[in-house]
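The lines below spell out each chain.
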Amino acid sequence: MRAALFLAVGVLGAGLLQTPVPPAPQLGIAAGPIRAQLHAPDPVAGYYRGTRFDWSGSIASLTWNGHEYFGQWFEKYDPTLHDAITGPVEEFSNVGYDDAKTGESFVRIGVGAVRKPDEPAYRQFATYEITDPGTWAIRKGAAEVEFTHTLAATRGYGYVYRKTVRLAGDTLVLEHHLKNTGSRPIATSVYEHNFYMLDRQRTGPDYVVRFPFGATAARPLNGLAQVQGREVTFLKPFEPKQTIFTELSGYGPSAADYDIRVENRRTGAGVRQTSDRPISKLVLWSAATTVCPEAFIDLRAAPGEETSWRITYAFYAAEKH
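No experiment lies behind these values; they were computed from the predicted model shown.

Undergrad: Can you help me understand the environment of Pro293 in this one?
TA: Structurally, the position occupied by Pro293 is in strand E22 (residues 290-301). You can call Pro293 buried: its relative accessible area is 1%. Once the C-alpha coordinates of Pro293 and Gly28 are considered, the two residues, 265 residues apart in sequence, prove to be 26 Å apart. Residue contacts for Pro293: discarding those within four places in its chain leaves Glu192, Asn194, Tyr196, Val209, Ile260, Val262, Val283 and Leu284.

Right, here's the structure in full:
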């Protein structure tokens, strides 16, 4: 009996002596009617430590005039899981993967250098070993946060990536600057995986996605949605495991076609997403908890050159139906 009691007290004591896991660091900013909480990149305690998405600028919560636009859309959380992250978040295509040998490193912008295992092709949803996380610097103001990620040259690929998240009026602005500090050219693409969660409403007939051009879907949408002219509408509420995925065509070479509106006509939450760059590819993916138009941009920077781009989100009251 005494032995059992001693063991129980010992186990309890060991539990009390364990170092608690600290909460993931966040950064709060506000301007006028907008309030936002951002996840801070951190290789040890960061909310997201996967290798698919850029670690900077992910928004845990953003409210405008009482409407919520982003949040945790997924059920399972693990900091290294490829999509356990909240929007808007960016994914860059690989730099240096094709010419890297097994065991060598390639570059994921906004993540760092990661090791290439023995595999036939890149696995978008895998989590790779990080060989160099680079260094992060953060400068915060009342209404903006500037993230700077510096990666020393990895097999000739290096960069300084600066991303500023700024609130102004009724808008969220993402400003990006990428300087090639290596000896080899950088050619990549990037898209916003917005993970919109307008007032946390289930994906269904209350949602609509609008474009300034007539869009065409490359594949069927499983009877859950339809593309007609300039609109994507949803035909019925999604069940928990249901998703749609298709590439969309119809946009032109002008940045004017990068103009995407997402509205929830039940709650009146609306957002207009624009850019100063043209669309190079357009995808629509949606699950029961999130609606995700994904507009890609192509980027090029020779050694010593810098490229920049801007994404703007304007929040507005949509007409209720």
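Back to the text.
Undergrad: I tried to follow the packing of aromatic side chains on my own but got confused; where do I start?
TA: The description of an aromatic ring pair rests on the distance of the ring centres and on the angle between the ring planes. Applying the stated criterion across every chain, the model contains 23 aromatic pairs. Taken together, the aromatic side chains of Tyr47, Tyr48, Phe53, Trp73, Phe74, Tyr77, Phe195 and Trp285 make up a single cluster linked through ring pairs. Over the ring of Phe296 we find Lys281, and its NZ or CZ is 5.0 Å from the ring centre.

Undergrad: Is there a simple way to explain the nonpolar core in this structure?
TA: Generally speaking, soluble globular proteins have nonpolar side chains that are buried together. With 85 residues, the main nonpolar core has Leu62 and Leu172 as its most contacted residues. Considering every element that reaches this core, the biggest residue donor is E22, with six residues. When residues no more than four places from it in sequence are discounted, the contact partners of Leu62 are Ile34, Arg35, Ala36, His67, Glu68, Tyr69, Phe70, Leu167, Leu172 and Phe315.

Undergrad: It is not clear to me how the environment of Gln72 should be interpreted in this structure. Could you clarify?
TA: Relative to the helices and strands, Gln72 resides in the loop between strand E4 (67-68) and strand E5 (89-92). For Gln72 and Arg200, which are 128 residues apart along the polypeptide, the C-alpha to C-alpha distance reads 9.3 Å. Residues contacting Gln72, with those up to four places away along its chain left out, are Tyr47, Thr86, Met197 and Arg200. Only 3.2 Å separates the side chain of Gln72 from the backbone oxygen of Phe74, close enough to count as a polar contact.

Undergrad: Would you mind showing me how to read the sheet that holds strand E2 (residues 34-39) here?
TA: Neighbouring strands of a sheet are bound in pairs by backbone hydrogen bonds; such pairs are parallel or else antiparallel. Ordered in space as E1-E2-E3-E4, the four strands form an open sheet in which the pairing is antiparallel. The open sheet has two edge strands with one neighbour each: strand E1 (26-31) and E4. Of the pairings in the sheet, the one linking E1 to E2 comprises six bridges and is antiparallel in character. Residue pairing for E2: Ala31 is matched across the bridge by Ile34.

Cut-off values and rules
Residues numbered from 1 in each chain as written. Predicted model: local features only at pLDDT ≥ 70, side-chain atom pairs only at ≥ 80, totals over all residues. Heavy atoms only, no water. Helix = DSSP H or I, 4+ residues; strand = E, 2+ residues; numbered from the N terminus. Buried < 20%, exposed > 50% of the residue type's maximum accessible area, 1.4 Å probe, protein only. Contact = heavy atoms within 4.5 Å. Phe/Tyr/Trp six-rings, centres within 6.5 Å; stacked < 30°, edge-to-face > 60°. Lys NZ or Arg CZ within 6 Å of the ring centre and 35° of its normal. Core = buried A, V, L, I, M, F, W, Y, C linked by side-chain atoms within 4.5 Å. Polar contact = N/O pair within 3.5 Å; in protein donor to acceptor, adjacent residues only side chain to side chain. Pairing = 2+ DSSP bridges.

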